[in-house]
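# Observations on the three-dimensional arrangement
For reference, the chains in residue letters:
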Amino acid sequence: MPDARPSGVRLGLGRPVPFAAAVGVTLLLVLWTAGSAIGFIDPRVLSAPWTVVTTGAELVADGRLGEHLTVSLTRAALGLVTGTAAGVVLALVAGLSRVGDAVLDGPIQVKRAIPSLALLPLLILWFGIGEEMKVITIALGVFVPVYLHTHNGLRAIDSRYVELAETVRLSRWQFVARVVLPGALPGFLLGLRFAVTGSMLALVVVEQVNATAGIGYMMELARTYGQTEIILVGLVVYGVLGYSADLAVRLLQRRTLAWRRTLEG
């Protein structure tokens, strides 16, 4: 007889344990603290946790961390907004028009296969090493996932909705506004989650290219002087920024798509 137990039980997979992700992080911190306390970890290689905390507090107190963080957030926000807008517009053109799809989708799929950071030498040649290049690099890391998932959402609209729209005689624009765009919203939000991650990856790189401010610049300067504690503070800041941004998008997903759960229930 076939096993009637759910496959998740057989595989040891069930409901996720609350705060399970924190277990690994906590264990890592314990090992790091213990290794530093007994002298197993050389502070010249990896600063002790208490040194990192003290350094972070000093950077906050003298205003350096706040100044660099403001610059980094501005760059990331400009790149994220620009890339998201470009991705949505291109997805709408390609998803709602056969001509647009024929013209745009191929080149964007080619761009998808090329890492955005591989274009950095060309972007530096075109735009120099100033803020414009940095924002454009971040935007390129953002627009592809937004385009791909939004475009897929537009193309995945159930044909029954098209028939229903014809039955109630919706105009083309009414159909787009009331059926197509809400139907593509889950894809857009999924793409936005990937875009947030892409923006942070690009930010880390561009802030170490002839920057004069930003978390990456602070870390690069610390590398020059062998200050691993400042580098670790920067890594923590990047991690908190990325996790917080992803958490915000997930919260937006739950609230924006509440109507789907209502319909499915």
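The structure displayed is predicted, hence computed values, not measured ones.

### Points about the overall build of the protein
- Secondary structure summary: the protein contains 12 helices and 0 strands in total.
- Tracing the protein from N to C terminus, the helices and strands come up as α-α-α-α-α-α-α-α-α-α-α-α.
- Expressed as a percentage of contacts within the protein between residues at least 6 apart in sequence, the contacts between residues at least 24 apart total 72%.

### Let's talk about the UniProt feature "transmembrane region" (unreviewed entry) in the protein
- UniProt's feature table lists "transmembrane region" (unreviewed entry) at residues 20–41, 76–100, 112–129, 135–154, 175–196 and 230–252, given in the numbering used throughout.
- The span residues 135–154 shows a helical share of 100% and a strand share of 0%, and its end C-alpha atoms are spaced 28 Å apart.
- End-to-end, the C-alpha atoms of residues 230–252 are 33 Å apart, and along that stretch the chain is 100% helix and 0% strand.

### Section: the environment of Leu-221
- Note that Leu-221 resides in helix 10 (residues 215–224).
- Residues Leu-221 and Gln-208 lie 13 residues apart in sequence; the distance between their C-alpha atoms is 9.2 Å.

### Let's talk about the nonpolar core
- With 41 residues, the main nonpolar core has Leu-65, Tyr-147 and Ile-215 as its most contacted residues.
- Those elements that place two or more of their residues in this core are helix 3 (49–61), helix 4 (64–96), helix 6 (120–127), helix 7 (131–155), helix 9 (172–206), helix 10 and helix 11 (228–256).
- Beyond its immediate stretch of four places on either side in the chain, Leu-65 contacts Gly-56, Leu-59, Val-60, Ile-215, Met-218, Val-233 and Val-237.
- Core analysis: the second largest hydrophobic core is formed by 6 residues, Leu-154, Ile-157, Phe-175 and Val-180 among them.

### Digging into the environment of Ser-72
- Here Ser-72 is to be found in helix 4.
- C-alpha separation for the pair Ser-72 and Met-200, spaced 128 residues apart in sequence, amounts to 9.6 Å.
- Once residues within four sequence positions are removed from consideration, Ser-72 is found in contact with Leu-203, Glu-207, Gly-214 and Ile-215.
- Within polar-contact distance, the side chain of Ser-72 engages the side chain of Glu-207 at 2.6 Å.
- Polar contacts involving the side chain of Ser-72 include one to the main-chain amide nitrogen of Ile-215, which spans 2.9 Å.

### Here we look at the packing of helix 4 against helix 10
- One can describe the packing of helix 4 onto helix 10 by two numbers: an axis separation of 7 Å at closest approach and a directional angle of 130 degrees. Between helix 4 and helix 10, the angle falls in the class oblique. Facing helix 4, whose interface residues are Leu-65, His-68, Leu-69 and Ser-72, helix 10 presents Ile-215, Tyr-217 and Met-218.
- Considered class by class, the residues forming the contact of helix 4 with helix 10 number 5 nonpolar, 2 polar and no charged.

### Some details on a nonpolar patch on the surface
- On the surface, a cluster of nonpolar side chains totalling about 450 Å² of accessible area is made up of Leu-122, Leu-125, Trp-126 and Phe-127.
- Its place among the elements puts Leu-122 in helix 6.

Criteria and thresholds
- Residues numbered from 1 in each chain as written.
- Predicted model: local features only at pLDDT ≥ 70, side-chain atom pairs only at ≥ 80, totals over all residues.
- Heavy atoms only, no water.
- Helix = DSSP H or I, 4+ residues; strand = E, 2+ residues; numbered from the N terminus.
- Contact = heavy atoms within 4.5 Å.
- UniProt positions renumbered as here; feature names shortened; annotations may be inferred.
- Core = buried A, V, L, I, M, F, W, Y, C linked by side-chain atoms within 4.5 Å.
- Buried < 20%, exposed > 50% of the residue type's maximum accessible area, 1.4 Å probe, protein only.
- Polar contact = N/O pair within 3.5 Å; in protein donor to acceptor, adjacent residues only side chain to side chain.
- Axes fitted to C-alpha atoms, helices over the stretch in contact; angles between N-to-C directions.
- Parallel < 35°, antiparallel > 145°, perpendicular 65-115°, else oblique.
- Nonpolar A, V, L, I, M, F, W, Y, C, P; charged D, E, K, R; others polar.
- Patch = residues over 30% accessible without salt bridge, like charges linked within 9 Å, V, L, I, M, F, W, Y side chains within 5 Å.
- Areas by Shrake-Rupley, 256 points an atom, 1.4 Å probe, with all protein chains shown as cover.
- Salt bridge = Lys/Arg side-chain N within 4 Å of Asp/Glu carboxyl O.

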